[in-house]
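Chain by chain, the residues run as shown.
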Amino acid sequence: MADDLMHAPVPGHVPADRVFAFNIYGDPRLTEDVQASYQSLHRDAPEIFYSPLNGGHWMITRYEHIFDIVKDYEHFSVREMQIPRIENPPVFIPLSLDPPTNLPYRQALMPHFSPKAVSAMEPKLRAFAADFIDEVLARGECDFVHDIAARFPVSVFMELMGMPLDRLRDFRALADDYFKARTNEEIGALGERIIGLMTELVELRQKEPADDLISKMIEFQVDGRPIALGELQSMLFVMFLGGMDTVTNVASYTYRHLAQDDALQARLAADASLIPRFVEEGIRSFGVINTPRLVVKDCERFGVQFREGDMVLCVLPLGSRDDRRFENSAEFDIDRQALTHLTFSSGPHLCLGHNLARMEIRILTEEWIKRIPRFSLKPGLRHHSRVGTVIAIESLPIQWPV
Amino acid sequence: MVWIEFVTPSGDVRRVEASEGESLMQAAVRHQVEGIEAACGGSMSCGTCHAWISEPWSAALPQPEEGERSILDFGVHIRPQSRLTCQIQVSAALDGARIEVPPSQS
Ligand code: HEM
Ligand code: FES
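Residues numbered from 1 in each chain as written. Chains lettered and ligands numbered in written order. Predicted model: local features only at pLDDT ≥ 70, side-chain atom pairs only at ≥ 80, totals over all residues. Heavy atoms only, no water.

Some points on helix α7 (residues 122–137) of chain A
Side chains that are three or four residues apart share a direction in an α-helix, a result of its 3.6 residues per turn.
And step 1. Over its 16 residues, α7 of chain A extends 22 Å from the first C-alpha to the last, a length consistent with the 22 Å expected when each residue adds 1.5 Å.
And step 2. Here the buried face of α7 of chain A lies against β4 (141–143), α8 (144–149), α9 (152–161), α10 (168–180) and α18 (354–371) of chain A. (Helix = DSSP H or I, 4+ residues; strand = E, 2+ residues; numbered from the N terminus. Expected span 1.5 Å × (residues − 1). Contact = heavy atoms within 4.5 Å.)

Now the structure itself:
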């Protein structure tokens with residue numbers, strides 16, 4: 001894509017002092033320390049600014065502003081979540097439905113992601129984590145992204161959904177390809193295959209119900225009628241998109257930090273009860289989602305005029321690193337005062353999987369530290385990330401003494 | 001002004017000033033009361049603003065609605081006194097109320 005094609009004229013309601021060009025798909029200001037380098041915006045850019053690149057959109061970077069916008073669905077809608085805007089945007093249930101339309105789906109799903117429901121999965125998750133780590137243990141090295149962080153959430157997802165184990169290989173390969181795909185054609189084709197596979201599963205569970213989420217979802221009632229296949233497909237796809245790559249990347253960035261912090265490794269090895277704090281600080285420090293909203297009603301907020309049709313991007317990783325809320329926000333400090341952050345967003349679309357995600361990274365770390373208390377980055381390598389509305393690290397080669 | 005006491009998971013008693021019309025959750029968050037996480041900011045999408053409200057204060061409150069009840073059904077540390085503080089409006093009837101924050105929200 002040529003830059004000039006993406007360079008939209010600045011609309012009249014945007015004052016010149018709010019314009020600041022930033023390319024979310026590869027700005028030169030972003031380094032391999034993606035979240036840390038994003039923080040330069042807090043210093044260098046206007047408090048709320050309009051980037052004319054990628055079709056033109058607002059960028060919201062402060063905790064307090066993001067928090068207000070994601071709750072204010074009457075003005076800031078999830079109906080369109082693409083930057084630049086596209087024709088016929090896909091409908092994701094419940095992610096791209098505003099209240100009250102999202103409510104029946106969200107409320108039907110919530111019990112299955114409650115603290116109680118996810119803790120029932122703990123023993124299974126622990127066994128998965130242990131297996132993946134044991135596979136690499138004797139080698140003294142691995143690519144943490146590829147060998148651990150990308151594989152673990154796939155197994156968790158299959159367990160949650162009740163996917164038969166004989167499909168594990170197929171599904172893992174498909175998930176792998178999907179998250180690596182770059183072109184729209186590839187993404188579209190793989191997306192269809194994933195939906196196809198889930199549809200098979202829905203059909204199987206219609207015949208032979210089991211104790212798993214898909215069997216329960218088939219029974220969902222929406223506004224007093226049984227849920228339709230298309231709705232199920234959409235919900236399953238959102239869980240696929242939301243539940244795997246995110247955990248992979250938050251865990252990988254967190255371990256990239258841990259690999260370089262010997263003192264923290266020693267503390268975690270000596271006292272496993274610190275692990276939940278470590279996990280929370282990893283999630284705070286390494287947000288991986290920038291969530292878009294479409295302005296559907298003119299309004300003035302924080303001294304800025306938003307007009308119907310404007311796209312707004314909430315930079316969640318920056319909300320979680322806002323120094324107005326978090327002291328020494330760039331520091332990885334497991335002892336900091338526990339305050340809610342924005343890595344999981346907030347409001348009616350607060351990540352449905354937040355309890356599960358925390359548990360996954362906690363269990364992975366408990367099993368990891370037991371086996372590999374000391375490890376480091378393989379020297380001399382760079383860790384490239386893809387950036388955009390999703391932030392993803394491509395590899396993380398690490399080593400440990402054997 | 002209405003005064004509310006929150007008993008935190010560490011056992012501290014935090015006496016905070018709340019305004020009529022805001023929710024108990026908002027008052028707690030404004031004063032950074034330990035244990036009231038309120039991850040969804042009051043959209044009734046998380047259940048992390050859970051607290052225990054006992055007699056006589058609970059008697060002054062409207063019963064929980066369906067949505068609140070269904071979140072509480074699947075929470076942790078749930079008791080008959082459990083409420084979502086984001087669903088409770090501060091009013092003069094709550095002046096002096098003592099509200100206990102459970103040991104964890106998950
Ligand atoms: C650390 C890992 C994760 C991160 C950082 C993350 C982040 C997010 C964010 C930021 C949103 C909301 C976006 C918005 O406000 O527009 C979201 C929504 C969602 N997430 Fe997660 N997520 C993670 C893990 C998971 C897991 C494990 C699952 C479960 C399978 C999951 C399922 C979902 C679903 C279904 C939604 C849509 C919720 C709704 O619209 O009501 N996520 N996630
Ligand atoms: S703040 Fe999320 S349910 Fe009360």
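Text resumes after the structure shown.
Examining the interface of chain B and chain A
And step 1. The partner chain A presents 18 residues to the 17 residues of chain B that form the contact.
And step 2. Carbon and sulfur atoms make up 60% of the surface buried where chain B meets chain A, a total of about 1300 Å² over both sides.
And step 3. If you sort the residues of chain B by the area they bury against chain A, Gln-32, Ser-45 and Phe-74 of chain B come out on top, with a joint share of 36%.
And step 4. One can count zero salt bridges joining chain B with chain A.
And step 5. Counting across the interface, chain B meets chain A through six residue pairs in polar contact (both at pLDDT 80 or more).
And step 6. Of the residues assigned to the side of chain B that touches chain A, the class counts are seven nonpolar, eight polar and two charged. (Buried area = accessible area lost by both parts, 1.4 Å probe. Salt bridge = Lys/Arg side-chain N within 4 Å of Asp/Glu carboxyl O. Polar contact = N/O pair within 3.5 Å; in protein donor to acceptor, adjacent residues only side chain to side chain. Nonpolar A, V, L, I, M, F, W, Y, C, P; charged D, E, K, R; others polar.)

Concerning unusual backbone geometry
And step 1. Here the bond from Ile-83 of chain A into Pro-84 of chain A is cis, since omega is -5°, no more than 30 degrees from zero.
And step 2. By the secondary structure assignment, Pro-84 of chain A is in the loop between β3 (76–77) and α5 (103–109).
And step 3. The linkage connecting Glu-55 of chain B with the following residue, Pro-56 of chain B, adopts the cis geometry, with an omega of 0°.
And step 4. With respect to the helices, strands and loops of the structure, Pro-56 of chain B is situated in the loop between β3 (50–53) and α2 (66–73).
And step 5. For Asn-88 of chain A, which is not glycine, the phi dihedral falls at a positive 45°.
And step 6. By the secondary structure assignment, Asn-88 of chain A is in the loop between β3 and α5.
And step 7. Among the residues examined, Asn-88 of chain A registers a relative accessible area of 71% and is labelled exposed.
And step 8. Phi is positive for Ala-38 of chain B, close to 55°, though the residue is something other than glycine.
And step 9. Looking at the element boundaries, Ala-38 of chain B is found in the loop between α1 (24–30) and β3. (Buried < 20%, exposed > 50% of the residue type's maximum accessible area, 1.4 Å probe, protein only.)

Quick look at the sheet that holds β4 of chain A
All names here are of chain A.
And step 1. Spatially, three strands are ordered β4-β14-β11 in an open sheet, and the strand pairing comes out antiparallel. Strands at the two margins of the open sheet, each flanked by one partner only, are β4 and β11 (376–377).
And step 2. Of the pairings in the sheet, the one linking β4 to strand β14 (residues 397–399) comprises three bridges and is antiparallel in character. Paired with Glu-141 across the two strands is Gln-399, which belongs to β14. (Pairing = 2+ DSSP bridges.)

Let's talk about the packing of α10 of chain A against helix α13 (residues 229–243) of chain A
Residues and elements named next belong to chain A.
And step 1. Two numbers describe how α10 lies on α13: the axes approach to 11 Å, and their chain directions differ by 70°. Classified by the angle between their axes, α10 and α13 sit roughly perpendicular to one another. The residues of α13 that touch α10, namely those facing Phe-171, Ala-175, Tyr-178 and Phe-179, are Phe-237, Phe-240 and Leu-241.
And step 2. Classifying every residue of the contact of α10 with α13 gives seven nonpolar, no polar and no charged. (Axes fitted to C-alpha atoms, helices over the stretch in contact; angles between N-to-C directions. Parallel < 35°, antiparallel > 145°, perpendicular 65-115°, else oblique.)

Thoughts on the site of ligand 1
All names here are of chain A.
And step 1. In the region of ligand 1, 26 residues are neighbours, and Arg-106, Thr-291, Ser-345, His-349 and Cys-351 sit closest.
And step 2. Within the backbone of Leu-95, one N or O atom sits 3.4 Å away from an oxygen atom of ligand 1.
And step 3. Between His-349 and ligand 1, the recorded distance is 2.7 Å, taken from a side-chain N or O atom to an oxygen atom.
And step 4. For the shell around ligand 1, the secondary-structure elements that each account for two or more residues are α13, α14 (245–259), β7 (290–295) and α18.
And step 5. Residues of the shell around ligand 1, tallied by class, amount to 15 nonpolar, eight polar and three charged. (Near = heavy atom within 4 Å.)

Here we look at the side chain of Ser-40 of chain A
Residues and elements named next belong to chain A.
And step 1. In this fold, Ser-40 is placed in helix α3 (residues 40–44).
And step 2. In this structure Ser-40 comes out as buried when scored by relative accessible area, which is 15%.
And step 3. Setting aside anything within four residues of it in sequence, one finds Ser-40 in contact with Arg-29 and Ala-45.

Some points on the confidence of the model for chain B
And step 1. Chain-level pLDDT for chain B is 95 on average; 100% of the residues reach the 70-or-more range.
And step 2. Across the interfaces of the predicted complex, the ipTM metric reaches 0.91, alongside a pTM of 0.95. (pLDDT = per-residue confidence, 0-100.)

Considering the pairing of β7 of chain A
Every regular strand shows the same layout, with side chains that alternate between the two sheet faces.
Residues and elements named next belong to chain A.
And step 1. Within β7, six of the six residues are buried, which leaves the element mostly enclosed by the surrounding structure.
And step 2. Taken together, the two bridges between β3 and β7 define a ladder with antiparallel strand orientation. Residue pairing for β7: Ser-77 is matched across the bridge by Leu-294.
And step 3. Where β7 meets strand β10 (residues 311–315), five bridges bridge the pair, whose relative direction is antiparallel. Bridge assignment links Thr-291 to a residue of β10, and that residue is Cys-314.

Observations regarding the sheet that holds β3 of chain A
Residues and elements named next belong to chain A.
And step 1. Strand order in this open sheet of five strands is β1-β2-β10-β7-β3, and the pairing throughout is mixed. In this open sheet, the two edge strands, each paired with only one partner strand, are β1 (48–51) and β3.
And step 2. Direction of pairing for β1 relative to strand β2 (residues 57–60): antiparallel, over a ladder of four bridges. Paired with Ile-48 across the strands is Ile-60, a residue of β2.

A closer look at the pairing of strand β5 (residues 97–100) of chain B
Residue and element names in this part refer to chain B.
And step 1. The alternating pattern of β5 places Ala-97 and Ile-99 on a buried face, while none of Arg-98 and Glu-100, on the opposite face, is buried.
And step 2. Pairing geometry for strand β1 (residues 2–7) and β5, over four bridges, is parallel. In the strand pairing of β5, Ile-4 is matched with Ala-97.
And step 3. One ladder, built from two bridges, connects β3 with β5; its direction is antiparallel. Bridge pairing links Trp-52 to Glu-100 in β5.

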